[in-house]
Amino acid sequence: MRLGTKFVFTVGLAAVSVMTVIGASRFAASQEVVSAQHAKESRRPGVVKYAPGAAELSSLRIEAVTVAPMPVAEPVNGRITYDENVTARVSSPVLGRVVRQHAEIGDRVGLGAVLLDIDSPDLAAAEADWRKGQADEVRKKLALDRARSLFNNEVIARKDYESAEADYQQAVAETRRASLRMKNLHASGNENGQFGLKTPIAGVIADKQVNPGLEVRPDLPNPLFVITDINRLWVIADVQERSIGNIKPGQSVSIETDAYPQERFAAKVDRVGLALDPTTRRVQVRCKVQNTGGKLKPEMFARVFFLADGERTGVRVPNSSLVLEGLRTYVFVERQPGTFEKHAVTLALKGSDSSFVEGISSGDRIVTEGALLLNAEDSGNAE
């Protein structure tokens, strides 16, 4: 009896052990299924996730995008120059030596302000001719008045009166010639025989190529002063032949410079060239820009965007953010920190450094650097 009871107890214990093992195996298998399903969900195609603080996040650059008017053509390189309509290049009209300088680069000068005092024999000769002409005119005027009085009293012949009148007219002409010569010199003489070289316009001294003691003459290759209204500038751009049909005077333009990469400057098309350059097959387009803040400098390089007159807009993104697969274009949008979704966009206009796309909204945060890393990660997850 005791033997039978012991046998039954042993068999029951073995059965319980077997059931425990089977249950544990089934629980482990179910947990593996759940884990596999969870891993499958977290690695679905088009979504890449990183844990907070993951090393891969340091290789990514994320920026918010904004909507902007879309250009009618690819951006072109341009050059900022002086507005020649409000610019004067002043040189010395006479041979001489600079004895005093009254203006420096950056100074604002008014119309007729004296820039230099120059000691010049040419001025002395011109002023002497002018003074002599004035004195001769006065003398000839008195002679003409006497001749008129004598002629009216029939004391002298008509030919003598006419000769006096001709002498006076010659004196008047000589005085006018000397006066115009002084005016052409833009000069005012003084008792020392020096004259002040004056500015013909009001503006800012943008460039200076003169110092005290320098010998100046009319045929110097460079002007002594460049005076301009720095608030008004031109942007000269060479436009490809295929794009010129979309550009016309008065059209809005957006300008970007390396000095201020995050800032756009508004401009307007002023003139479109009449002929193509036979070498480059491009047309020169001149734009006007208001440089109110003084940030733009002549001879800066710029990228010029000719904007459409309509309401067509797009999102401008750097080309490094674009991922090309076949005929489709994608960007990676940050849905939440560490989670990036592969999003299809339409390439509206492609440029050398950046492009305009449609399909994402203003304020969306996209990956601008490291998009290829995320695409490789997404391709690995898909496998």
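As shown above, the structure is provided for reference.
Please read all numbers here as calculations on a predicted model, not as lab measurements.

Visitor: Tell me about the layout of surface pockets, and name the residues and values.
Guide: Any empty space left between atoms is shown by rolling a water-sized probe over those atoms. Here the largest pocket defines a volume of roughly 770 Å³. E256, P261, Q262, R264 and R316 are the residues nearest the centre of the largest pocket, which is lined by 27 residues in total. For the lining of the largest pocket, the elements supplying multiple residues, two or more each, are β2 (61-64), β3 (67-69), β14 (252-257), β17 (301-306), β18 (313-318), β22 (354-358) and β23 (365-369). For the lining of the largest pocket, a count of residues per class yields twelve nonpolar, six polar and nine charged. Each pocket or cavity is described by its volume, and for the second largest pocket that value is around 200 Å³. Around the second largest pocket sit 14 residues that line it, and P75, V76, N77, R303 and S352 are the ones nearest its centre. Within the residue set of the lining of the second largest pocket, elements represented by two or more residues are β4 (76-82) and β17.

Visitor: Give me the packing of aromatic side chains: which residues, what numbers.
Guide: Under the counting rule described, the total for this entry stands at two aromatic pairs. Here F151 and Y161 contribute two aromatic rings whose centre-to-centre distance is 5.3 Å and whose plane-to-plane angle is 15 degrees, an arrangement assigned as stacked. With F151 in helix α2 (residues 121-152) and Y161 in helix α3 (residues 158-184), this pair connects stretches of sequence that are ten residues apart. A residue is classified by how much of its surface remains accessible, and F151, at 21% relative accessible area, is partly exposed. Among the residues examined, Y161 registers a relative accessible area of 14% and is labelled buried. Considering the side-chain rings of Y260 and F265, the 6.1 Å spacing of their centres and the 70 degrees angle between planes classify their relative orientation as edge-to-face. On the accessibility criterion, Y260 (27% relative accessible area) is partly exposed. A relative accessible area of 10% places F265 in the buried class. Of note, R264 hangs over the ring of F305, and the distance from its end group to the ring centre comes to 4.3 Å.

Visitor: Quick rundown of the pattern of salt bridges? Include the residues and the values.
Guide: Considering all chains together, one arrives at 23 salt bridges under this definition. For the salt bridge of E299 with R79, the shortest nitrogen-to-oxygen distance reads 3.4 Å. Of this pair, E299 sits in the loop between β16 (282-290) and β17 while R79 sits in strand β4, and the two are 220 residues apart along the sequence. One salt bridge in this structure joins D270 and R286, with 2.7 Å as the shortest N-O distance. Here R286 lies in strand β16 and D270 lies in strand β15 (residues 265-272), a separation of 16 residues in the sequence. Owing to a relative accessible area of 18%, D270 belongs among the buried residues under this scheme. Here the salt bridges do not stand alone but share partners, grouping E256, D258, R264, R303 and R316 into one network.

Conventions adopted
Residues numbered from 1 in each chain as written. Predicted model: local features only at pLDDT ≥ 70, side-chain atom pairs only at ≥ 80, totals over all residues. Heavy atoms only, no water. 1 Å grid on protein atoms, 1.4 Å probe; cavity = no way out; pocket = protein on both sides within 12 Å on 5 of 7 lines; lining within 4 Å. Points joined across faces, edges and corners; volume = space filled by probe spheres on them. Helix = DSSP H or I, 4+ residues; strand = E, 2+ residues; numbered from the N terminus. Nonpolar A, V, L, I, M, F, W, Y, C, P; charged D, E, K, R; others polar. Phe/Tyr/Trp six-rings, centres within 6.5 Å; stacked < 30°, edge-to-face > 60°. Buried < 20%, exposed > 50% of the residue type's maximum accessible area, 1.4 Å probe, protein only. Lys NZ or Arg CZ within 6 Å of the ring centre and 35° of its normal. Salt bridge = Lys/Arg side-chain N within 4 Å of Asp/Glu carboxyl O.

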